[in-house]
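Fold and geometry: a report
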4 protein chains.
Amino acid sequence: MKKADKHQKILVAATKVFGSKGFFSARISDIAKEAKVADGTIYLYFHNKYDILLTLFEEEIAKLIVDIKAALAQEEDPRRKLYIFALHHLKLVIEKKELAEVLQMELRQSSDSVKEYRITKFVDYVNIISGIIHQGQKSGIFRPELKPGIIKRAFFGALDEMSRLWILNSDHSYTIDDTADEISSIFLNGISLPA
Amino acid sequence: MKKADKHQKILVAATKVFGSKGFFSARISDIAKEAKVADGTIYLYFHNKYDILLTLFEEEIAKLIVDIKAALAQEEDPRRKLYIFALHHLKLVIEKKELAEVLQMELRQSSDSVKEYRITKFVDYVNIISGIIHQGQKSGIFRPELKPGIIKRAFFGALDEMSRLWILNSDHSYTIDDTADEISSIFLNGISLPA
Amino acid sequence: MKKADKHQKILVAATKVFGSKGFFSARISDIAKEAKVADGTIYLYFHNKYDILLTLFEEEIAKLIVDIKAALAQEEDPRRKLYIFALHHLKLVIEKKELAEVLQMELRQSSDSVKEYRITKFVDYVNIISGIIHQGQKSGIFRPELKPGIIKRAFFGALDEMSRLWILNSDHSYTIDDTADEISSIFLNGISLPA
Amino acid sequence: MKKADKHQKILVAATKVFGSKGFFSARISDIAKEAKVADGTIYLYFHNKYDILLTLFEEEIAKLIVDIKAALAQEEDPRRKLYIFALHHLKLVIEKKELAEVLQMELRQSSDSVKEYRITKFVDYVNIISGIIHQGQKSGIFRPELKPGIIKRAFFGALDEMSRLWILNSDHSYTIDDTADEISSIFLNGISLPA
DNA sequence: AATGAATGAGGATTCATTCAT
DNA sequence: TATGAATGAATCCTCATTCAT
């Protein structure tokens, strides 16, 4: 197994373990067992437990940004773009339940280093939304008086809370597409100029 | 000092400490010092560290529900009610920054006992929103095809994310009233039937 | 048991354990067991394992300095003083075998903090010797051309090496008094001016 | 590279590393890096970390004994011999600072295997001194009532302490020759019969 | 009821040693 | 022979909880 593979294997295991027990309750030995490596091996790839969490965010959010930007590039209409963002975000929740849980829980951690982190990678992600809003305002589709800084937060928050619903409830009454559709249409109705 | 007072004093201290360091990083001795009692005294009022967190939610959210319901009772119009809910929720963030932080962070903890708890008290709180939506749909003000279960989550999530913005940023460009207004109007535009 | 007592009890235990296994091989749990306290209790009195060692030196050498100075105060003749110093030093080896072993072993540790320490407390101790030499030179008893800085080291080294002999060998062919006498007389012959 | 060369290279590296960090704080990987071999390679030449230390003593002290005996063979006078021994010992400190540090520190370790070792090789070294004393007593130069067993220890101790001075202090006020001269003359004055 | 010293279980991390390549 | 990634036993230290006073 190549070096990069083991690095990845540990991250995958950590995502799962952090997701199910939370960062603090997760034990290094849990991650090691899940990754089928020795405890000590983890320290060949990461400085410490916290470094695993940080790397997790860095790598996964980076991937997510790439994916979403690729999907958005196919589309012109800011209204459609908002829907696509919602859809992607919610899809992530289903496909990478564990990462979503980590995002859910750990992103709220108040430790300074995470806060610092947030203002880099995570903010890039959320700023995709304000970019869409901005574009829509320039095209005369969205109401010009709205502050993109507020909308992006509200939109992200709405999606995020929906994710929480999915993560915590096992039986899902609604499909992703329906939910993405419903949330984006509420927002679109809310922020669009009358035709 | 009466028994109830010390119980309360510890909860106030715990709110502050959990808020600033998070549940796991908070030490019982931190809370004891903040409450100006001995470490051991805490165990005369609470079973364990976790019990403090649970009690905190129970008591504080209960109070919050009472407050909000009182405010809503003054109002008939579901559209106004939604604005009032938003305003109250955001006001809480300012007035009880620490509790809001605890809500922000710990509510996301996936530990089973919290999950269990959420389906009681916290859900009551969020259900106030779906009650408003429902009422609005019955009165023919809100679009009848929308699922209150989704709307309530989206609305709460939007508010919650705005709170996060406030908690983590020190300088606030927008006022609470503006934000409550903007968010509720997006939603109201989004979910209202055309007049 | 009073607080100071437990502090002392731990130091006594540490002296014994460090003495028999050396600092690095000694386990905190060994010291705790020897002191009949819980492992954690040690950390109520000391910052860490290293702090125990440092405190040990500080307290024991301080006591030793007091004792030796008291004994020297009774005496005028620098020649007698040197003998008294030798006698006290060697007596310490017998009476506090463990501390002597710690001194033997750990004082040689090259860690910076110990080195730093040495230039304070331990140097005070050894400087008692150069004080005696100096006094003897002023009184015209010791050869004036000798450097007290060298003599003190040589004399201490000779005593120290004799201690090592005692500590490592179980059967002692010579008595302390004989040894103190022999070593001090070699030095006295070596450094005295012809009568 | 021949087998013996790598064996030697590791010992040289170990001398340096043990000397600067002490045996316990030295890491196998430090030695490996210093010797420019892989960690695992060390185990092809030594059984374990401890075996390196033992071999170090064995080989280096053996060399030292050969050197000193060669130098002493040139000389008849026991008084000159003592001076030569002192000079050689102190020269070692300058030339092989690291080995001297190892001697300084690790020789004091009380671990049983080292203690055992000491009674073989190291004792041979120190016994060179008692041999000189004995010879001097037979020749009627040194006082016959002195116990060579004590003198050898005291002399070695004095030299050893002087080494410590050199190793720990960077600026050396005295030259080796001066120091060797001063120490051996103190002893010679101390142990010689009046002419 | 209140205290805070004492407890000891638990876990992150290190590093000597092994072993597949 | 040589490598260095992998191992996992070992240990310092933390801190929730207890309990004698």
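If you're wondering where the values come from, they're calculated on a predicted model, not measured in any experiment.

Definitions and limits used
- Residues numbered from 1 in each chain as written.
- Chains lettered and ligands numbered in written order.
- Predicted model: local features only at pLDDT ≥ 70, side-chain atom pairs only at ≥ 80, totals over all residues.
- Heavy atoms only, no water.
- Helix = DSSP H or I, 4+ residues; strand = E, 2+ residues; numbered from the N terminus.
- Buried < 20%, exposed > 50% of the residue type's maximum accessible area, 1.4 Å probe, protein only.
- Near = heavy atom within 4 Å.
- Polar contact = N/O pair within 3.5 Å; in protein donor to acceptor, adjacent residues only side chain to side chain.
- pLDDT = per-residue confidence, 0-100.
- Contact = heavy atoms within 4.5 Å.
- Axes fitted to C-alpha atoms, helices over the stretch in contact; angles between N-to-C directions.
- Parallel < 35°, antiparallel > 145°, perpendicular 65-115°, else oblique.
- Left-handed = near helix turned anticlockwise from the far one by under 90°.
- Nonpolar A, V, L, I, M, F, W, Y, C, P; charged D, E, K, R; others polar.

1. Re the environment of K6 of chain C
Residue and element names in this part refer to chain C. Topologically, K6 is positioned in helix α1 (residues 3-21). According to the relative accessible area criterion, K6 is partly exposed, its value standing at 24%. Residues K6 and K36, 30 residues apart in the sequence, show an inter-C-alpha distance of 9.8 Å.

2. Some thoughts on the protein's contact with DNA strand F
The environment of DNA strand F is formed by 29 residues, the closest being T41 and Y45 of chain A, Y43 of chain C together with T41 and Y45 of chain D. Those atoms of DNA strand F that come within 4 Å of the protein belong to sugar or phosphate at a rate of 74%. One of the backbone N or O atoms of K49 of chain B is found 3.0 Å from a phosphate oxygen in DNA strand F. Contact distances for DNA strand F include 2.8 Å between a phosphate oxygen and a side-chain N or O atom of R27 of chain C. At the level of elements, α3 (39-45) of chain A, α3 (39-45) of chain B, α3 (39-45) of chain C together with α1 (3-21) and α3 (39-45) of chain D are the ones that each hand at least two residues to the surface near DNA strand F.

3. Remarks on the confidence of the model for chain A
In the predicted model, chain A carries a mean pLDDT of 83, and the fraction of residues at 70 or more is 81%. Counted against residues more than four places away or in other chains, residues 110-115 of chain A, with its pLDDT under 50, gives 14 contacts.

4. Considering the packing of helix α5 (residues 78-95) of chain D against helix α8 (residues 121-138) of chain D
All names here are of chain D. One way to put it is that α5 packs onto α8 with a least axis distance of 9 Å and a crossing angle of 165 degrees. The angle between α5 and α8 places the two elements in the roughly antiparallel class. Here α5 runs over α8; the crossing is left-handed. Residues P78, K81, L82, F85 and H89 of α5 touch α8, and the partners they reach there are Y125, I128, I129, I132, I133, Q135 and G136. Here the residues of the contact of α5 with α8 are counted per class, giving eight nonpolar, three polar and one charged.

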